Amino acid sequence: MIDEEIASIGEKMARYRGPKNRIARKFGVNIFGKSRSPLLHKPNPPGMHGAKRKKKSDYGTQLEEKQKLRAVYGMLSQKQLIRAYNDAERKPGNTSHTFLALLESRLDNIVYRLRFGATIFAAQQLVSHGHILVNGKKVDRRSFQVKPGMTISVKKSSQNVKAIQVAVQNTSLDLPEYLDLSDQFTGTLQEVPAYESVSLPLPINVSLVCEFLAHTG
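Here the structure is a predicted model, which means the values were calculated and not measured. (Residues numbered from 1 in each chain as written. Predicted model: local features only at pLDDT ≥ 70, side-chain atom pairs only at ≥ 80, totals over all residues. Heavy atoms only, no water.)

## Digging into the packing of aromatic side chains
To keep it simple, the criterion reads: Stacked, tilted and edge-to-face are the three classes assigned to paired rings of Phe, Tyr and Trp, where Trp is represented by its six-membered ring and a pair needs centres within 6.5 Å; plane angles under 30 degrees give stacked, over 60 edge-to-face, the rest tilted. Starting at the N terminus, helices and strands are each numbered in turn, a helix being any DSSP run of H or I of at least four residues and a strand any DSSP run of E of at least two.
Tallying each qualifying case throughout the model produces two aromatic pairs. Here the aromatic rings of Tyr59 and Phe212 are separated by 5.5 Å at their centres, their planes lie at 45°, and the arrangement is tilted. Here the residue Tyr59 occupies a position in helix 3 (residues 58–72), and Phe212 occupies one in helix 9 (residues 206–216), the gap between them amounting to 153 residues. Relative to Phe99, the ring of Tyr85 lies with its centre 6.3 Å away and its plane at 80°, an arrangement referred to as edge-to-face.

Now the structure itself:
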């Protein structure tokens, strides 16, 4: 089942290699931003006759919201989500807003938002393979938290990599207001991403995700 496939992804896996197209069809959105939409020829959810949806329980609704959030940020593991939630809960203010800001400020996501990688998965690879600098120093940890004022750039020797060249020339992805590009390969996080300014590819009830994690973490 697709839900089990999503739930089985481990913390130690370097890069998600599972059924991206099936997950996109499950949610009815080109959730990973692939240039060729997986909904083009198969718009229905996976399963027999498009898998008619049954009314979900409260638990089922929370679980689906969590799965959507995991997918948006590159199939994060349960452990990674719980860690971010626990960090958010310890900070003052609205926990769900802080939680989303922490996910949005992950280095792999910032690299994707700056258009250095064509998809969130491509951005994860760029970080893991050492192509990305933070304040001029290589950082290869995807979950690294970018702070306001930090400069994120593509290493000089990596700027001619074809995949990066193609990505930076694609302006179809809007640059969030909390980021600034000084050139094609250099950007800065201007401020902590505000909840209302985070643009997600599909509606997600982040508060329900927090409720789910509060009871399962």
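And the narrative resumes.
## Regarding the sheet that holds strand 4 (residues 179–183)
This is how it is decided: Strands qualify as paired when DSSP identifies two bridges or more between them.
In space, the five strands of this open sheet follow the order 2-1-3-5-4, with antiparallel pairing throughout. Because the sheet does not close on itself, it has two edges, and the strands there are strand 2 (137–138) and strand 4. Of the pairings in the sheet, the one linking strand 4 to strand 5 (residues 186–189) comprises four bridges and is antiparallel in character. Bridge pairing in strand 5 links Asp180 to Thr188.

## Focus: the confidence of the model for the chain
As a reminder, the rule being used: pLDDT is a residue-level measure of predictor confidence that goes from 0 to 100. Contacts are residue-level and defined by heavy atoms, with any inter-residue pair within 4.5 Å sufficient.
Residues with a pLDDT of 70 or more make up 74% of the chain, whose mean pLDDT is 83. In this model residues 1–14 is a low-confidence stretch, pLDDT under 50, and it forms 25 contacts with partners more than four residues away in sequence or in other chains.

## Some details on helix 9
Inclusion rule: The rule is simple: take the accessible area with a 1.4 Å probe, protein chains only, and divide by the maximum for that residue type; under 20% is buried, over 50% is exposed, in between is partly exposed. In protein, a polar contact means a hydrogen-donor-capable atom and an acceptor-capable atom, both N or O and within 3.5 Å, with residues adjacent in sequence counting only if both atoms are side-chain atoms; elsewhere, any N or O pair within 3.5 Å suffices.
Among all positions of helix 9, only Val206, Leu208, Val209, Cys210, Phe212 and Leu213 are buried. The inward-facing, buried residues of helix 9 abut helix 3, helix 4 (78–90) and helix 5 (95–104). Between a side-chain oxygen at the N-terminus of helix 9 and the backbone nitrogen of Ser207 the separation is 3.2 Å; the capping residue is Asn205.

## So, the nonpolar core
For soluble globular proteins, nonpolar side chains are generally found buried alongside one another. As a reminder, the rule being used: The nonpolar core is taken to be a set of buried Ala, Val, Leu, Ile, Met, Phe, Trp, Tyr and Cys residues, with the residues joined through side-chain atoms within 4.5 Å.
The biggest cluster of nonpolar side chains holds 49 residues, and the ones touching the most others in it are Phe99, Leu107, Val111, Phe116, Ile132 and Ile152. The residues contacting Ile152, other than those within four sequence positions of it, are Leu107, Ile110, Val111, Leu114, Phe116, Ile132, Leu133, Val134, Val146, Phe185, Thr186 and Gly187.

## Some details on the environment of Ser182
Its place among the elements puts Ser182 in strand 4. The exposure class assigned to Ser182 is exposed, which follows from its relative accessible area of 53%. Separated by 29 residues in sequence, Ser182 and Ser153 place their C-alpha atoms 9.9 Å apart.

## A word on the side chain of Lys66
Tracing the chain through its elements places Lys66 in helix 3. Only 2.7 Å separates the side chain of Lys66 from the side chain of Gln78, close enough to count as a polar contact. Contacts of Lys66, omitting those with residues within four sequence positions, involve Gln78, Leu81, Val209, Phe212 and Leu213.

## Here we look at the environment of Leu69
Positionally, Leu69 belongs in helix 3. The exposure class assigned to Leu69 is buried, which follows from its relative accessible area of 0%. For the pair Leu69 and Leu100, spaced 31 residues apart in sequence, the C-alpha to C-alpha distance is 9.3 Å. Excluding residues that lie within four positions of it along the chain, Leu69 makes contacts with Phe99, Leu100, Leu103, Ile204 and Val209.

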